[in-house]
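# A look at the structure
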Amino acid sequence: MSEKLFTVGKIVNTHGIRGEIKVVPHTDFAEQRFASKSQLFIVSPKGGRPVPVTVESSRFHKNMYVIKFKEISGINEAEKYKESLLKISEELQEELPENEYYFHEIIGCRVITDDEPAEELGTITEILTPGANDVWVVKTSEGTEILLPSIPDVVLDVDKASKIVRVHLMEGLL
């Protein structure tokens, strides 16, 4: 399977005996992703081919989704998918509004300053989501980390095609 898959949740446990599973969502579009008739893939941490599944029903319960897939009929079948990831195919990704990005579009981008000449700070290695705004972790060539708040005053331009992010270093950021 050559198409790219993107994680939308993680199966953490079974629920009841009818084959329902508990899923921690990893998406801003959980209601859509886990809606009835949604097409998802179960990807085992042990590898192997992604298993296509269709949502029969889902409900939000204690910060998780309890999902019943048409293809899974009992607890014994559901049990083998614990710790697996739920993914969607690339064409099902939502178009995001301007200045919003998927994590996979940002991680791996080189970060340059808006100085003349521009200075390369490093590469974005992860995204933290502590609260009001995301924080992009930039690993420098020296191996140190710079934390950049993902706010318009700091992030000036994201060129997804060339994987370059141009930032303005406000006083106190370094």
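Located above this text is the structure these notes cover.
My aim in this report is to walk through the structure given alongside it, one point at a time. (Residues numbered from 1 in each chain as written. Predicted model: local features only at pLDDT ≥ 70, side-chain atom pairs only at ≥ 80, totals over all residues. Heavy atoms only, no water.)

Bringing the overall build of the chain into the picture now. In terms of helices and strands, the chain carries 3 helices and 12 strands. Based on the C-alpha atoms only, the size of the chain along its principal axes is roughly 60 × 35 × 30 Å. Scored against the burial criterion, the 174 residues of the chain give a buried share of 34%. A separation threshold of at least 6 residues defines the contact pool for the chain, and within that pool the share at least 24 residues apart is 48%. Counting every atom, the chain has about 10,500 Å² of accessible surface; 49% of that belongs to carbon and sulfur. Across the chain, 20 positive and 29 negative side-chain charges occur, with their mean positions spaced 14 Å apart. (Helix = DSSP H or I, 4+ residues; strand = E, 2+ residues; numbered from the N terminus. Buried < 20%, exposed > 50% of the residue type's maximum accessible area, 1.4 Å probe, protein only. Contact = heavy atoms within 4.5 Å. Areas by Shrake-Rupley, 256 points an atom, 1.4 Å probe, with all protein chains shown as cover. Lys, Arg positive; Asp, Glu negative; His and termini not counted. Charge placed at Lys NZ, Arg CZ, Asp CG, Glu CD.)

Before going further, it helps to examine the nonpolar core. Counting 19 residues, the largest nonpolar core has Val23, Phe34, Leu40, Ile42, Ile67, Phe69 and Leu86 as its most contacted members. At the level of secondary structure, the elements contributing two or more residues to this core comprise β1 (5-15), β2 (20-25), β3 (39-43), β4 (51-61), β5 (64-69) and β6 (85-89). With sequence-adjacent residues up to four places away left out, Phe34 is seen in contact with Val8, Gly9, Val23, Pro25, Leu40, Val55, Ser58, Tyr65, Ile67 and Leu86. Among the nonpolar cores identified, the runner-up in size contains 15 residues, and Ile106, Val111, Trp136 and Val154 belong to it. (Core = buried A, V, L, I, M, F, W, Y, C linked by side-chain atoms within 4.5 Å.)

With that settled, consider the pattern of salt bridges. The final tally for this structure, using the stated rule, is 6 salt bridges. Where Lys160 meets Glu105, a salt bridge forms, and the shortest distance between an N and an O atom there is 3.4 Å. Pair noted here: Lys160 is in the loop between β11 (155-159) and β12 (164-167) and Glu105 is in helix α3 (residues 103-106), with a separation of 55 residues, a long-range link. Given the relative accessible area of 41%, Lys160 is considered partly exposed. Where salt bridges share partners, they join Arg18, Glu20 and Arg59 into one cluster. (Salt bridge = Lys/Arg side-chain N within 4 Å of Asp/Glu carboxyl O.)

This part takes up unusual backbone geometry. Most peptide bonds are trans, and most residues other than glycine sit at a negative phi. In the segment running from Glu116 into Pro117, the intervening peptide bond is cis, with an omega of -10 degrees. Structurally, Pro117 is set in the loop between β7 (110-113) and β8 (120-128). The residue Asn63 is not glycine, and still its phi comes out positive at about 65 degrees. Since its relative accessible area comes to 62%, Asn63 is described here as exposed. Backbone geometry places Lys163, a non-glycine residue, at a positive phi of 55 degrees. Relative to the assigned elements, Lys163 resides in the loop between β11 and β12.

With that settled, the discussion passes to the environment of Thr123. Position of Thr123 among the secondary structure elements: in strand β8. What makes Thr123 partly exposed here is its relative accessible area of 30%. Separated by 41 residues in the primary sequence, Thr123 and Ile164 have C-alpha atoms spaced 9.0 Å apart. Excluding anything up to four places from it in sequence, Thr123 contacts Gly108, Cys109, Arg110, Val137, Val138 and Lys139.

In this section: the packing of aromatic side chains. Tallying each qualifying case throughout the model produces 2 aromatic pairs. Measuring from centroid to centroid gives 5.0 Å for Phe34 and Tyr65, while their planes differ by 55 degrees, and the two rings are tilted. Of this pair, Phe34 sits in the loop between α1 (30-33) and β3 while Tyr65 sits in strand β5; the two residues are 31 residues apart in sequence, bridging distant segments of the chain. Of the two residues, Phe34 and Tyr65, neither departs from the other in class, the shared state being buried. Three or more aromatic residues joined by ring pairs make a cluster, and in this case those are Phe34, Phe60 and Tyr65. (Phe/Tyr/Trp six-rings, centres within 6.5 Å; stacked < 30°, edge-to-face > 60°.)

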